[in-house]
Amino acid sequence: MMVKGFTEKERKVITQQLIAVGKQLFSELGVKKTSISQLTSAVGIAQGSFYQFFDSKEVLFFDILEMEEASIKASIMEMMENKPMTRQTFKEMLLYGMELIDQNPLIKRLFQGESFEHLVRKLPPERLEQHAQQDEWVLTPLINKWQENNRMVNRSTHAITASIRGFYTILLHKSEIGEEIYPEAVDLLAECIASGLIIEENADDPR
């Protein structure tokens, strides 16, 4: 059967519809259990037409994920705006990011091991690498500024960005850590990272 062609206007509308439906279904079911037929039937297009818009359901999920992450990053940057950089401020930034993730059903679903492993297997490696680089590009101006002002240790941007990303992967290990001790462990880890990265004038340990 021939796949129907779409006008540019139709493509824009259907793309946005797939993103909206995808966000809902992925949040409820996860990537693995959401089928392409569920996505296409919800927006009224043939199943085969899906591939005119996205290469796979995993690519659709990842596009939505990056939109959600961009919103979270913007909220964190707004929270940090005009605040003096101290270890406490940096710790609060890390914990605020964790709180926003915890309130986001789609990102929470990703950090439930099975969805994360499935996504890593299905996405092209270059797409994952590009995503990691985007994190670095967002943080690089801030890290440079803090280092120039002698507020952050003189380590590579790559290492600092990786440390911050690593903090959020603790979400993958919540059950192993234990539900009861998890909040305290997250708080302590945020405190340790802040202490290791941020320089304070009155701190006893010179960096």
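Residues numbered from 1 in each chain as written. Predicted model: local features only at pLDDT ≥ 70, side-chain atom pairs only at ≥ 80, totals over all residues. Heavy atoms only, no water.

J.: Explain helix α8 (residues 157-168) here, please?
T.: Structurally, the α-helix is built with 3.6 residues per turn, so residues lying three or four positions apart point the same way. Here α8 is 12 residues long and its end C-alpha atoms lie 17 Å apart, about the 16 Å a rise of 1.5 Å per residue gives. The complete set of buried residues in α8 reads Thr-157, Ile-160, Thr-161, Ile-164, Phe-167 and Tyr-168. All buried residues of α8 lie within an arc of 115 degrees about the axis, which places them on one face of the element. (Helix = DSSP H or I, 4+ residues; strand = E, 2+ residues; numbered from the N terminus. Expected span 1.5 Å × (residues − 1). Buried < 20%, exposed > 50% of the residue type's maximum accessible area, 1.4 Å probe, protein only. Arc of directions from axis to C-beta.)

J.: What is the right way to read the pattern of salt bridges from this model?
T.: Pairing is possible between side chains of opposite charge, provided their charged atoms come close. Overall, the coordinates contain seven salt bridges when judged by the stated rule. Where Glu-191 meets Lys-91, a salt bridge forms, and the shortest distance between an N and an O atom there is 3.1 Å. Pair noted here: Glu-191 is in helix α10 (residues 182-197) and Lys-91 is in helix α4 (residues 87-102), with a separation of 100 residues, a long-range link. Residue class for Lys-91 comes out buried when judged on its relative accessible area of 10%. Here Lys-108 makes a salt bridge to Asp-102, at a shortest N to O gap of 3.7 Å. Overall, the relative accessible area of 36% leaves Lys-108 in the partly exposed class. Note on Asp-102: relative accessible area 40%, which makes it partly exposed. Through salt bridges with shared partners, a single network forms among Asp-63, Glu-66 and Arg-127. (Salt bridge = Lys/Arg side-chain N within 4 Å of Asp/Glu carboxyl O.)

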